[in-house]
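The primary structure of each chain is shown beneath.
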Amino acid sequence: MWRASVLTIFPEMFPGPLGSSLAGKALASGAWSLDVVDIRTFATDKHRTVDDTPAGGGPGMVMKADVLGRAIDATATDTRPRLLMSPRGTPLTQSRVEALTGDAGVILVCGRFEGVDERVIVARGLEEVSLGDYVLSGGEIAAMALIDACVRLLSGVMGTAASGVEESFTDGLLEYPHYTRPQLWEDRPIPEILTSGDHAKIAAWRRAEAERLTKERRPDLWAAFLSRCRGGSRTG
């Protein structure tokens, strides 16, 4: 069973959205499990303090290495990847998500305040992971997003196996446009080729649209895609 362990000072936030839709059904069926660890229970003072002022001065507070270290030690008793949700981390990609689903699960540390004492990051081998170039109030929402991305790829979670194959980032491209009935909506028809019944032409159209959208919207992905294609049948 794929297992997610989340370390947070706000355990009441979970399962949150993970208790609904595909992830919720999979959780209820036992396809994956969720353990939520309250970091505050590892504090030793009566106020259950988990943060302190930054060394060297500056605004905000920093999560304490001793408290977080104890929480990690009590949770990370196996070889699952230890991830710290952090805006300075390596951007999360679909390929990384796919790799994480091949493990027994993940251990996710949700940072708060100005950040986490660097010593615990190094000492406990935390891999910093980012959802994008922006800052959230804490790592909980980011952790939920990562878990959801992984859970939907677990065997049997999605109704159609192809749903996990023909989507954005799977082959380095953004996904092609989708349409459904009615045939005409506000004078906007479904592209004729999609109702032609010619599966080869439909596949070619979808591929061309995926390439067009990627080139227009994500030139970084497009450049990487072209780079991977060099030396093959496609020359760009």
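These lines cover the structure that appears in this document, whether it is placed above or below.

Calculation criteria
- Residues numbered from 1 in each chain as written.
- Predicted model: local features only at pLDDT ≥ 70, side-chain atom pairs only at ≥ 80, totals over all residues.
- Heavy atoms only, no water.
- Pairing = 2+ DSSP bridges.
- Helix = DSSP H or I, 4+ residues; strand = E, 2+ residues; numbered from the N terminus.
- Axes fitted to C-alpha atoms, helices over the stretch in contact; angles between N-to-C directions.
- Contact = heavy atoms within 4.5 Å.
- Core = buried A, V, L, I, M, F, W, Y, C linked by side-chain atoms within 4.5 Å.
- Buried < 20%, exposed > 50% of the residue type's maximum accessible area, 1.4 Å probe, protein only.
- Salt bridge = Lys/Arg side-chain N within 4 Å of Asp/Glu carboxyl O.
- Phe/Tyr/Trp six-rings, centres within 6.5 Å; stacked < 30°, edge-to-face > 60°.

1. Quick word on the sheet that holds strand E4 (residues 62-63)
Backbone hydrogen bonds are what pair the strands of a sheet, in a parallel or an antiparallel way. Spatially, the three strands line up as an open sheet ordered E3-E4-E7, and their pairing is mixed. Strand pairing shows two members of the sheet lacking a second neighbour, strand E3 (51-52) and strand E7 (115-116), which therefore form its edges.

2. Regarding the sheet that holds strand E2 (residues 32-38)
Pairing within the open sheet is parallel, and its five strands lie in the order E2-E1-E6-E5-E8. Edge positions in the open sheet fall to E2 and strand E8 (127-130), since each of these has one partner strand only. Within this sheet the neighbouring strands show an average axis-to-axis angle of 35 degrees, counted without direction. In this structure, strand E5 (residues 82-91) lies alongside E8, joined through five bridges in parallel fashion. By the bridge assignment for E8, Thr 90 is matched with Val 129. Packing against the sheet, helix H2 (residues 65-75) makes contact with strand E1 (2-8), E2, E5 and strand E6 (105-110), and its axis sits at approximately 165 degrees to E1.

3. Topic: the nonpolar core
One finds Trp 2, Trp 32, Val 106, Leu 108, Leu 146, Ile 147 and Val 151 to be the most contacted residues of the largest nonpolar core, which totals 27 residues. Of all the secondary-structure elements, those providing two or more residues to this core are E1, helix H1 (21-29), E2, E5, helix H3 (94-101), E6 and helix H5 (140-151). When near neighbours in sequence (up to four residues on either side) are disregarded, Leu 108 contacts Ser 5, Val 6, Leu 7, Leu 83, Met 85, Ala 143, Leu 146 and Ile 147. In terms of nonpolar packing, the next biggest core, distinct from the first, is built from 20 residues, Met 63, Val 67, Ala 76 and Ile 121 among them.

4. Notes on the pattern of salt bridges
Across all of its chains, the model carries 16 salt bridges by this definition. A salt bridge links Arg 80 to Asp 78; the nearest nitrogen and oxygen atoms lie 2.9 Å apart. Salt bridges sharing partners connect three or more residues here, namely Arg 3, Asp 35, Asp 78 and Arg 80.

5. A closer look at unusual backbone geometry
Following Phe 14, the chain continues to Pro 15 via a peptide bond in cis, the omega torsion being 5 degrees. Looking at the element boundaries, Pro 15 is found in the loop between E1 and H1. Cis geometry marks the peptide bond from Arg 181 to Pro 182; its omega dihedral reads 10 degrees. The phi dihedral of Ser 21 falls on the positive side, at around 55 degrees, and the residue is not glycine. Locating Ser 21 in the fold gives a position in helix H1. Residue classification places Ser 21 among the exposed positions, given a relative accessible area of 57%. At Arg 48, a position not held by glycine, the phi torsion is positive, near 55 degrees. Counting through the fold element by element, Arg 48 comes out in the loop between E2 and E3. Residue classification places Arg 48 among the partly exposed residues on the basis of a relative accessible area of 36%.

6. So, the packing of aromatic side chains
Applying the stated criterion across every chain, the model contains two aromatic pairs. Ring geometry for Trp 2 and Trp 32: centres 6.5 Å apart, planes at 55 degrees, overall tilted. Here the residue Trp 2 occupies a position in strand E1, and Trp 32 occupies one in strand E2, the gap between them amounting to 30 residues. You'll find Trp 2 and Trp 32 in the same group, each marked buried.

7. Considering the side chain of Thr 214
Position of Thr 214 among the secondary structure elements: in helix H6 (residues 199-217). For Thr 214, a relative accessible area of 0% gives the class buried. In contact with Thr 214, not counting residues within four places along its chain, are Gly 172, Leu 173, Leu 174, Pro 219, Leu 221 and Trp 222.

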